[in-house]
Amino acid sequence: MPVVRFQAGDTVMGRWPGSNLYYEVKVLRHSAKTQLYTVIYKDGTELELKEADIKSVTGFKQAFGRSRSRSRSRSPARTRRSRSRSPARTSRRSSSHTTETRRDKLKDVLEVRLTPVARRASGASPGITERKTAPLVNNSNNEHEKKEENDAANKAVEKVKEETENQVSVRYNLRRRKDQGEEQLFEQKNTKPLVSLETPQRTSKTSDLEFGGRIGVLCLLLLLPVVVLALLILCSQKDSSLLGFPHMLPPLHSLWDWQVFGIVLLWLLFQAVLSLLPVGKVVNGMPLKNGKTLKYRINGFYALLVSAIAVGAGVYNGLDLSYIHAHFLQFYTSALLISILLSVYLFVRSRWASEDDRAPAGSSGYVIYDFFMGRELNPRIKNFDIKFFCEMRPGLIGWLVFNCAMLHAEMNLQHLDMPSSAMLLVNTFQLLWVVDGLWHEEKLLSMMDMVHDGFGFMLAFGDLAWVPFTFTCQSYYLASHPSDLCVFWIVPIILMNMVGYYIFRKANSQKFAFRRNPYDPALSHLKTIPTATGKSLIASGLWGFVRHPNYLGDLVMALAWSLTCGFNHVIPYFYLMYLLVLLVHRAVRDERQCRMKYGLAWEQYCKAVPYRIFPGVY
């Protein structure tokens, strides 16, 4: 068994990747599987380094002292001889060799200018950085030689600038020195943004367990399906209070029907076929751990239009949508069984997934935990991405079909010529939300579900069973408990939903546009905080108001949806309560990852924007 040279807690000198610069770091842990050390820099950035990139502090100082002694003892004659070259010798060099030399010099100067963190001046606004950079330590050259090498490299940069512009792709901040004015990452004029790629890392064993660890995940695994079933039973009762909950479980025939199961399978197959149609653009996803990107076809909005036409044609030809309301429990149990079978299939196939395909949060080694979280990040059958398909298609479009079914059921049960105002508002609000999500389907690729979470029971059950059957709780409730709203309530509820939608859409669009091109002139008014990863954090606008303004907008809309049902029962507010718990927990998860990824820059952002979701409260 290999000997571990450095222990957790040791202070050592770690080489900054991509350069010959060493910084004082602290060892956090060592992975016996990957043989990599996880270290933390003084700015809070965590990286994994090989043992060859780590030196003891004492050994580093001795080597640095010997290097300085050798450089000082170098004779002037030797230096002059190395610099003086005859014209004949220069002419014998090929042009290709000269070009390679220039590129090497360019690489050297880029490595010298690499800075692991951009520090903000005391009292400066977020996004404004100091012109001074952290002192760099070089173990091979003294200050005089570094100056000469930098001067020579600067000349080489000018000569090969046209050949190498926009061809550098690094993870760390690359800064140009300016004589005056604010220092920026790159000139925005006539310059394309650099592509920021994460350093390829192997997925180590998951040690930070979420959702309460193995016990918490087991409870969720057993509790979540029961919660949905109880919610649906309460919504269908004439008395929706908890005291009115039946003492006996519904009979088996009311929970299962093979015909309903076949309808659910046909719906999934229909949506899968629509997702594979060569319609819509193909875009790249976020870079994976190995630097590669997956391609996705964006045609969810077209699938929605085709589905609407198909359902409309069915209704025109005598299809009774109220059948869904009468068999809603059977539809749920069918979706539940399919989500369980899909989760088992995903768990089994993940055993043959490569390290690069594993999810960072689903490799704990505990069967129940990994089954719940998902071990594979992007399970695919050839070009068919299972997670991307389930996230937006069958559940969200099915949600709208269910709402239409509840609207028809309300008219039949309550003998109405027109749907109630509350039912119309709920259908309109939620139709807007789903259409917006499918229209901006590309933005899903940068969300936590796609980038971080594996595809296991948590997402499979959530996409296929939880979303379409709990998000319809208002319309399902209104089918048996109609609510007539006066104008005094209708107008404020509409305004509330519009405000929530504006915050939600504006925040998400701004974040997506900034991630795609931070140098867009339309975003030049935003203040940003640069990070050690080469990216920046937005610290103004809605993102300077609270840290998660998109969550705030979502909660305001959820409140508007629930208010349409009045105050007779708490059941219609289940979605609002669930969403509040979900988004608060997700904000904590998101910020934990951001703190590990961005280090000191994230701490600066938290000081500039102290509230997570609710200004002045939380």
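Residues numbered from 1 in each chain as written. Predicted model: local features only at pLDDT ≥ 70, side-chain atom pairs only at ≥ 80, totals over all residues. Heavy atoms only, no water.

Peer 1: In this structure, what is going on with the overall build of the protein? I would like to understand it.
Peer 2: Looking only at helices and strands, the protein has 22 helices and 13 strands in total. Put simply, the protein has 618 residues, and 46% of those count as buried. Summarising the internal contacts of the protein: among those between residues at least 6 apart in sequence, 74% fall at separations of at least 24. Carbon and sulfur atoms make up 60% of the accessible area of the protein, which totals about 32,200 Å². (Helix = DSSP H or I, 4+ residues; strand = E, 2+ residues; numbered from the N terminus. Buried < 20%, exposed > 50% of the residue type's maximum accessible area, 1.4 Å probe, protein only. Contact = heavy atoms within 4.5 Å. Areas by Shrake-Rupley, 256 points an atom, 1.4 Å probe, with all protein chains shown as cover.)

Peer 1: Please explain the sheet that holds strand β3 (residues 36-40) as it appears in this structure.
Peer 2: If you walk across this open sheet you meet the five strands as β4-β3-β2-β1-β5, and the pairing is antiparallel. At either end of the open sheet lies a strand with only one pairing partner, and these are β4 (46-49) and β5 (54-56). Neighbouring strand axes in the sheet, compared pairwise and without regard to direction, differ in orientation by 50 degrees on average. Two elements, strand β1 (residues 11-15) and β5, share three bridges in a ladder whose sense is antiparallel. Considered in β5, the bridge of Val12 is made with Ser56. (Pairing = 2+ DSSP bridges. Axes fitted to C-alpha atoms, helices over the stretch in contact; angles between N-to-C directions.)

Peer 1: Would you mind showing me how to read the nonpolar core here?
Peer 2: Among the nonpolar cores identified, the biggest contains 102 residues, and Tyr332 and Phe469 are the most heavily contacted of them. Discounting chain neighbours no more than four positions away, the residues touching Tyr332 are Pro225, Val228, Leu229, Leu232, Phe461, Ala465 and Phe469. Counting residues in each nonpolar core, the second largest holds 18 residues, with Leu537, Ile538, Ala539 and Cys594 among its members. (Core = buried A, V, L, I, M, F, W, Y, C linked by side-chain atoms within 4.5 Å.)

Peer 1: I tried to follow the UniProt feature "transmembrane region" (unreviewed entry) in the protein on my own but got confused; where do I start?
Peer 2: Per the UniProt record, "transmembrane region" (unreviewed entry) is found at residues 211-234, 258-279, 300-319, 331-348, 455-478, 485-504 and 570-588. Within the segment residues 258-279, helix and strand shares are 86% and 0% respectively, and the terminal C-alpha atoms sit 33 Å apart. The distance separating the terminal C-alpha atoms of residues 485-504 is 26 Å; by composition the span is 90% helix and 0% strand. (UniProt positions renumbered as here; feature names shortened; annotations may be inferred.)

Peer 1: Explain helix α8 (residues 258-276) to me, please; I cannot follow it from the model alone.
Peer 2: Two residues of an α-helix separated by three or four positions point the same way, owing to the 3.6 residues in each turn. In this model, α8 (19 residues) spans 27 Å end to end at C-alpha, consistent with the 27 Å of a helix rising 1.5 Å per residue. Of the positions making up α8, those classed as buried are Val260, Phe261, Val264, Leu268, Gln271, Ala272, Leu274 and Ser275. Relative to the axis of α8, the buried residues are bounded by an arc of 165 degrees and lie together on one face. For α8, the exposed residues set more than 90 degrees away from the buried face come down to Trp258, Gln259, Leu266, Leu269 and Leu276. (Expected span 1.5 Å × (residues − 1). Arc of directions from axis to C-beta.)

Peer 1: Sorry, what's going on with the confidence of the model for the protein here?
Peer 2: Low pLDDT means the predicted atomic positions in that stretch should not be read closely. Mean pLDDT over the protein stands at 76; residues scoring 70 or higher make up 73%. When pLDDT is averaged over each element of the protein, α8 comes out on top at 95 and strand β7 (residues 173-174) at the bottom at 36. For the stretch residues 71-99, pLDDT sits under 50, and the model shows nine contacts to residues farther than four places along the chain or on other chains. Here residues 101-149 is modelled with pLDDT under 50, and outside its nearest four sequence neighbours on either side it reaches 109 contacts, counting other chains as well. (pLDDT = per-residue confidence, 0-100.)

Peer 1: I would appreciate a short explanation of the pattern of salt bridges in the present structure.
Peer 2: It is possible for side chains of opposite charge to pair when their charged atoms get near one another. Counting across every chain of the model gives 13 salt bridges. The salt bridge involving Glu210 is made with Arg592; its shortest N-O contact spans 3.8 Å. Remark: Arg592 occurs in helix α21 (residues 574-598) and Glu210 occurs in the loop between β7 and α7 (213-236); sequence separation between them is 382 residues. The exposure class assigned to Arg592 is partly exposed, which follows from its relative accessible area of 32%. A salt bridge links Arg393 to Glu441; the shortest N-O distance between them is 2.9 Å. Taken together, the positions of Arg393 in the loop between α13 (386-392) and α14 (394-413) and Glu441 in the loop between α15 (421-439) and α16 (448-451) put the pair 48 residues apart, joining distant regions of the chain. We note that Arg393, like Glu441, is buried. (Salt bridge = Lys/Arg side-chain N within 4 Å of Asp/Glu carboxyl O.)

Peer 1: Could you clarify how one ought to interpret the packing of aromatic side chains in this entry?
Peer 2: Given two aromatic rings, their pairing is described by the distance between the two centres and the angle made by the two planes. Using the criterion set out here, one finds 36 aromatic pairs in the structure. Here Phe211 and Phe372 contribute two aromatic rings whose centre-to-centre distance is 6.0 Å and whose plane-to-plane angle is 75 degrees, an arrangement assigned as edge-to-face. Here Phe211, found in the loop between β7 and α7, pairs with Phe372, found in helix α12 (residues 367-373); they are 161 residues apart in sequence, far enough to count as distant. When its relative accessible area of 22% is taken as the criterion, Phe211 is described as partly exposed. (Phe/Tyr/Trp six-rings, centres within 6.5 Å; stacked < 30°, edge-to-face > 60°.)

Peer 1: How should a nonpolar patch on the surface be read in this particular structure?
Peer 2: Together, Leu266, Leu269, Val273, Leu277, Val279, Tyr302 and Leu305 give the surface a local cluster of nonpolar side chains, amounting to about 630 Å² of exposed area. For the nonpolar patch, the elements supplying multiple residues, two or more each, are α8 and α9 (300-316). With respect to the helices and strands, Tyr302 occurs in helix α9. For Tyr302, a relative accessible area of 43% puts it in the partly exposed group. (Patch = residues over 30% accessible without salt bridge, like charges linked within 9 Å, V, L, I, M, F, W, Y side chains within 5 Å.)

Peer 1: Would you mind going over the packing of helix α19 (residues 487-516) against helix α20 (residues 549-563) with me for this structure?
Peer 2: Axis angle and axis distance: for two packed helices, these are the angle between their axes and the distance between the axes, and together they describe the pair. For the pair α19 and α20, interaxial distance at closest approach is 7 Å and the crossing angle is 155 degrees. Comparing the axis directions of α19 and α20 gives the class roughly antiparallel. Between α19 and α20 lies a crossing whose hand is left-handed. Contacts from Ile493, Met496, Asn497, Gly500, Tyr501, Ile503, Phe504, Ala507, Asn508 and Lys511 in α19 reach Pro549, Asn550, Gly553, Asp554, Val556, Met557, Leu559, Ala560, Trp561 and Leu563 in α20. (Parallel < 35°, antiparallel > 145°, perpendicular 65-115°, else oblique. Left-handed = near helix turned anticlockwise from the far one by under 90°.)

Peer 1: Hey, could you run me through unusual backbone geometry in this one?
Peer 2: Negative phi is the rule for most residues except glycine; trans is the rule for most peptide bonds. We note that Lys382 has phi near 60 degrees; this positive angle belongs to a residue other than glycine. Locating Lys382 in the fold gives a position in the loop between β10 (380-381) and β11 (384-385). Lys382 gets classed as exposed once you look at its relative accessible area, which sits at 80%.

Peer 1: So what exactly am I meant to see when it comes to the packing of α14 against helix α17 (residues 457-470) here?
Peer 2: It is the contact of α14 with α17, at a shortest axis distance of 8 Å, that shows an interaxial angle of 25 degrees. The angle between α14 and α17 places the two elements in the roughly parallel class. Once α14 is placed against α17, the crossing between them reads as right-handed. Between α14 and α17, the residues in contact are Pro394, Gly395, Leu396, Trp399 and Phe402 and Asp463, Leu464, Val467, Pro468 and Phe469, respectively.

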